[in-house]
Amino acid sequence: MKVAIFPGSFDPITSGHVDLVKRAIPLFDEIIVAIGINSQKKYLFPLEQRIKWLEEVFAEMPSVRVDAYEGLTAHYSMKVGARYMLRGLRNASDFDYEKTISQLNSIVGEGVETIFLISKPEYSHISSTIVREIIKGHGDASPFLPPQIQIEQH
Ligand code: ADP
């Protein structure tokens, strides 16, 4: 069985993440969208909220499940029996960063393969960081979010 994890913070999940998962569905028997918990990192949205959103967004996709983990992504991947990690590439800086992480993960994760999908042009400008800035600035982030996610503007 081909299992992939799609690790990230998903703070919050964006339309770019959703498009990537949808495009990867035909490639794997199961995709685990997994929230990595880093106790040093400050998040805008609590873990429970981010999990709830992921569950709502992927509810209609039976081969996708949602989870959260602490510790190294490579160790989590071995624990759940996933030989593949799914990651998105939006631009050259994603590539530089992801290349190193992928090479490290392959060693720590004992051969785990990172599979990259190039972002579609209509999603390549979207990042959780930008979405958080819009929300903090009381702007409307809905053009960048899946329809299941409603964030009140204050
Ligand atoms: P992290 O906290 O590791 O930066 P993110 O939640 O921001 O994680 O992103 C997880 C993965 O989703 C990364 O591989 C990232 O490249 C990818 N990704 C994020 N936004 C997009 C997008 N707009 N299009 C395609 N891939 C994306």
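Residues numbered from 1 in each chain as written. Predicted model: local features only at pLDDT ≥ 70, side-chain atom pairs only at ≥ 80, totals over all residues. Heavy atoms only, no water.

## Things to note about the packing of aromatic side chains
Then, number 1: What the rule picks out here adds up to 4 aromatic pairs.
Then, number 2: Where phenylalanine 28 meets tyrosine 84, the ring centres are 5.6 Å apart and the plane angle is 45°; that geometry is what we call tilted. Of this pair, phenylalanine 28 sits in the loop between helix H1 (15-24) and strand S2 (30-37) while tyrosine 84 is found in strand S4 (residues 84-89), placing the two residues 56 residues apart along the sequence.
Then, number 3: On the basis of relative accessible area, phenylalanine 28 is assigned to the buried category, the value being 9%.
Then, number 4: Judged by its relative accessible area of 16%, tyrosine 84 falls in the buried class.
Then, number 5: Note on phenylalanine 45 and tryptophan 53: the rings are 4.9 Å apart at their centroids and 75° apart in plane angle, and the pair reads as edge-to-face. Each member of the pair phenylalanine 45 and tryptophan 53 is classed as buried.
Then, number 6: If you follow arginine 50 out to its NZ or CZ, it ends over the ring of tyrosine 43, 4.1 Å from the centre. (Phe/Tyr/Trp six-rings, centres within 6.5 Å; stacked < 30°, edge-to-face > 60°. Helix = DSSP H or I, 4+ residues; strand = E, 2+ residues; numbered from the N terminus. Buried < 20%, exposed > 50% of the residue type's maximum accessible area, 1.4 Å probe, protein only. Lys NZ or Arg CZ within 6 Å of the ring centre and 35° of its normal.)

## Quick word on the site of the ligand
Then, number 1: Neighbouring the ligand are 17 residues, the closest being Ser9, Arg87, Gly88, Tyr123 and Ile126.
Then, number 2: Contacts to the ligand include arginine 87, whose side-chain N or O atom sits 3.1 Å from an oxygen atom.
Then, number 3: Note that an oxygen atom of the ligand is positioned 2.6 Å from one of the backbone N or O atoms of glycine 88.
Then, number 4: The protein chains hide 87% of the 550 Å² of surface that the ligand would expose on its own.
Then, number 5: Counting residues per element, the ones that place at least two in the shell around the ligand are strand S1 (3-8), H1, S4 and helix H4 (92-108).
Then, number 6: Here the residues of the shell around the ligand sort into 6 nonpolar, 6 polar and 5 charged. (Near = heavy atom within 4 Å. Polar contact = N/O pair within 3.5 Å; in protein donor to acceptor, adjacent residues only side chain to side chain. Areas by Shrake-Rupley, 256 points an atom, 1.4 Å probe, with all protein chains shown as cover. Nonpolar A, V, L, I, M, F, W, Y, C, P; charged D, E, K, R; others polar.)

## Some words on unusual backbone geometry
Then, number 1: Geometrically, the link from aspartate 11 to proline 12 is a cis peptide bond, its omega value of 0° lying close to zero.
Then, number 2: Here proline 12 is to be found in the loop between S1 and H1.
Then, number 3: In this model, phenylalanine 10 sits at a positive phi of 50°, which is unusual for a non-glycine residue.
Then, number 4: With respect to the helices and strands, phenylalanine 10 occurs in the loop between S1 and H1.
Then, number 5: Judged by its relative accessible area of 2%, phenylalanine 10 is buried.
Then, number 6: The phi torsion at glutamate 110 lies on the positive side, around 50°, for a residue other than glycine.
Then, number 7: Relative to the assigned elements, glutamate 110 resides in the loop between H4 and strand S5 (113-118).
Then, number 8: Residue class for glutamate 110 comes out exposed when judged on its relative accessible area of 67%.

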